[in-house]
Amino acid sequence: MIDYSLIEVTENGDRYYIYKDNYNNKKVYLNSNFSPEKEATKFIQKIESDKFNIIIGVGNGSIIEQLVKRKFVHCLIIEPFNEVNLSEKHLNVIKNADNITFYHYKDITPLKLTVFIKNQIGINTNILIHPRYDKVNKKIIGNILDCIYKGLNLLQMNKNTEQYFKKAWIMEPLLNLRYTVNLPSVNRLRNYFEGETAILVASGPSLHDCIPFLQSMKNFGFIFAAGSAVNGLLSKDVIPDFVTVIDSSPQNYTAHFKDTSYDGILIVSGSVNSNILRKFQRNAILADLSIDPLTKRFRSDVTTFPSVPSVSVFTLQLIYYMGFSKVYLVGQDLALRDGEYYANGVNVHQGTNHFNTQLFVESNNGSKVGTIYSLYSHLQSFNEVIQLLDKKKISIYNLSKNGAKINGVEYIPVEKITLPKKR
């Protein structure tokens, strides 16, 4: 609920915004109405030339005029209020400056922040709050600081992941070449399933709750098991039509594929663990990932998908590519249930199914739910990818009531789903 109003006024030829708290009638000019230029000049002195600077709050834009007078690596300005709009003059200043970026808070995400910060690798971050914005509702500024904090944590986690997989992302495509040069291309399936229904099954705790639904959908939809979900399904006598896997780690093979009885179709990337491809080469279909330039050199005919931290996000891209008009997300909790990461029946690495909550996110039931940063990274990837999908072509529904809310995805109770036409 919006608990403030923003008033735009013009005084002495200058434009100002006034923040008004709807509860206590407190009013705050978002920059000085006496000398905004002097205020901006003083504030900009805090910019550090050797750091990545993040400024919260732009006011009427006077700080932008002063920013271009200083030297610095990069400055990202985040404006908390959607109602604050920059003038054409200030927009042109930003357009012509290669080291100033402006976003409204509604358009920034922790994942986008990681891109900015990563581009300034090795440079410390300096966070500044416009002096007038320090006087508005603390929760508004706190939300932005929390977003920045999460972005920094995601960046560190991604750096650790890249470091861990650096060797595997080189070696596995090399080891897989004996298979990938001859595998059928995923291109054959482009738009092949127009008008059909897909069920994307992940291995989150709510998977177990949806088993009756999955059994009822046998003749009405195509089931995609994302990586580790395969054995969670097989243990309940649900056989997926496709299994997707992109993970390079040997643990992924050992825990989820070494002893599986699945003998259906795998959709794989060239960077997948070579033991998996060795076992399933006869039933595998190849899709390329942007993180793997080697496979692309030998299979330029195969569509390349953006690299993502989650096999489920990769699978959603595939489902869209294959032309499905509707998809139900099952077991896509992106959150913990009593500390549990996986559903019952899913094969797990030793000691990897119980976690302590690291942060809380909004859930589909309207409350907050605990999660960990790796799952939060997957959530952010879902949010980013879904923004790019044409909603006229595909409808996406999440069946996890207590799972994390994915932006643009409607929660629907299983009992309200009507069976589609037979596949």
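Before reading further, recall that the structure is shown in the block above.
These lines cover the structure that appears in this document, whether it is placed above or below. Counting restarts for each chain, with residues numbered from 1 along the sequence as it is written. Confidence filtering applies because this is a predicted model: local features only for residues at pLDDT of at least 70, side-chain atom pairs given and counted only at 80 or more, and all residues used for totals across whole chains, interfaces and linings. Only hydrogens and water are set aside; all other atoms, that is, all heavy atoms of the structure, feed into the side-chain values.

## Brief notes about the overall build of the protein chain
The way it works is that DSSP assigns letters per residue, a run of H or I at least four long becomes a helix, a run of E at least two long becomes a strand, and they are numbered from the N terminus. Secondary structure assignment for the protein chain yields 13 helices and 19 strands. Here the term buried applies to any residue with accessible area under 20% of the maximum for its type, exposed to any over 50%, and partly exposed to those in between, with areas from a 1.4 Å probe on protein chains only. Counting every position in the protein chain, which comprises 423 residues, the buried fraction comes to 54%. Here the analysis covers contacts within the protein chain between residues at least 6 apart in sequence; of these, 65% occur between residues at least 24 apart. Two residue types count as positive, namely Lys and Arg, and two as negative, namely Asp and Glu; His and chain ends fall outside the count. The location of each charge is read from NZ of Lys, CZ of Arg, CG of Asp or CD of Glu. Of note, the protein chain has its 48 positive side-chain charges centred 2 Å away from the centre of its 38 negative side-chain charges. By definition in these notes, contact holds between two residues if any of their heavy atoms fall within 4.5 Å.

## Regarding the nonpolar core
We define the nonpolar core as a collection of buried residues of types Ala, Val, Leu, Ile, Met, Phe, Trp, Tyr and Cys that are connected through side-chain atoms lying within 4.5 Å of one another. With 91 residues, the main nonpolar core has L214 and M322 as its most contacted residues. Element by element, the count of residues in this core is highest for helix α13 (residues 373-388), at seven residues. Leaving out residues up to four positions away in the same chain, L214 has contacts with I199, V201, L207, I223, L233, V238 and V330. Among the nonpolar cores identified, the runner-up in size contains 43 residues, and Y4, Y17, I78 and F102 belong to it.

## Regarding unusual backbone geometry
Its identity is not glycine, yet D237 carries a phi of approximately 60 degrees, on the positive side. Relative to the assigned elements, D237 resides in the loop between α8 (229-234) and β10 (242-245). Accessibility expressed as a relative area gives 71% for D237, which makes it exposed. Phi is positive for D338, which is not a glycine, with a value near 55 degrees. Within the element layout of this structure, D338 appears in the loop between β15 (326-330) and β16 (359-362).

## A short note on the pattern of salt bridges
Note on definitions: salt bridges are taken to be side-chain nitrogens of Lys or Arg within 4 Å of carboxyl oxygens of Asp or Glu. With the rule as written, the count across this model stands at 10 salt bridges. With a closest N to O distance of 3.1 Å, D107 and K106 form a salt bridge. The closest approach of N and O atoms between D301 and R299, which form a salt bridge, is 3.0 Å. When its relative accessible area of 8% is taken as the criterion, R299 is described as buried.

## What about the packing of helix α4 (residues 110-119) against α13?
To obtain each axis, a line is fitted to C-alpha atoms, and for helices this fit is confined to the stretch in contact; angles are then taken between N-to-C directions over 0 to 180 degrees. Where α4 meets α13, the closest approach of the two axes is 9 Å, and the angle between their N-to-C directions is 95 degrees. Comparing their axes, α13 and α4 come out roughly perpendicular. Two secondary-structure elements touch here, α4 through P110, L111 and K112 and α13 through Y376, Q380, S381 and E384. The nonpolar class holds Ala, Val, Leu, Ile, Met, Phe, Trp, Tyr, Cys and Pro. Asp, Glu, Lys and Arg form the charged class, and all remaining residues, Gly among them, are polar. Split into classes, the residues belonging to the contact of α4 with α13 amount to three nonpolar, two polar and two charged. In these notes the angle categories are as follows: under 35 degrees is roughly parallel, over 145 is roughly antiparallel, 65 to 115 is roughly perpendicular, and the rest is oblique.

## What about the packing of aromatic side chains?
Centre distance within 6.5 Å is the pairing criterion for rings of Phe, Tyr and Trp, where only the six-membered ring of Trp is used; planes under 30 degrees apart are then read as stacked, over 60 as edge-to-face, and the remainder as tilted. This model, assessed by the stated rule, comprises 19 aromatic pairs. Residues F193 and F242 carry aromatic rings whose centres are separated by 6.2 Å and whose planes lie at 90 degrees to one another, so their mutual orientation is edge-to-face. Here F193, found in the loop between α6 (168-180) and β8 (197-201), pairs with F242, found in strand β10; they are 49 residues apart in sequence, far enough to count as distant. For F242, a relative accessible area of 6% puts it in the buried group.

## A look at the side chain of T180
With respect to the helices, strands and loops of the structure, T180 is situated in helix α6. For T180, a relative accessible area of 1% corresponds to the buried category. If sequence neighbours within four positions are ignored, T180 has contacts with G270, L277, L286, T295 and R299.

## Let's talk about a nonpolar patch on the surface
Taken together, I170, M171, L174 and L175 make up a surface patch of nonpolar side chains, about 340 Å² in accessible area. You can see I170 is positioned in helix α6. Excluding any residue in a salt bridge, patches collect residues exceeding 30% relative accessible area, merging like charges within 9 Å and nonpolar Val, Leu, Ile, Met, Phe, Trp and Tyr side chains within 5 Å. Accessibility throughout is a Shrake-Rupley quantity obtained with a 1.4 Å probe, and a residue counts as covered only by protein chains that appear here.

## Some words on the sheet that holds strand β7 (residues 125-129)
Taken together, the four strands give an open sheet; going across it, the order is β6-β5-β4-β7, and neighbouring strands pair in parallel fashion. With one partner strand each, in any of the chains shown, β6 (100-104) and β7 form the two edges of the open sheet. Recorded for the sheet is a direction-independent mean angle of 20 degrees between the axes of neighbouring strands. Pairing between two strands requires that DSSP report at least two bridges joining them. In terms of strand pairing, strand β5 (residues 74-79) meets β6 through five bridges, oriented parallel. Pairing of L76 across the sheet is with T101, part of β6.

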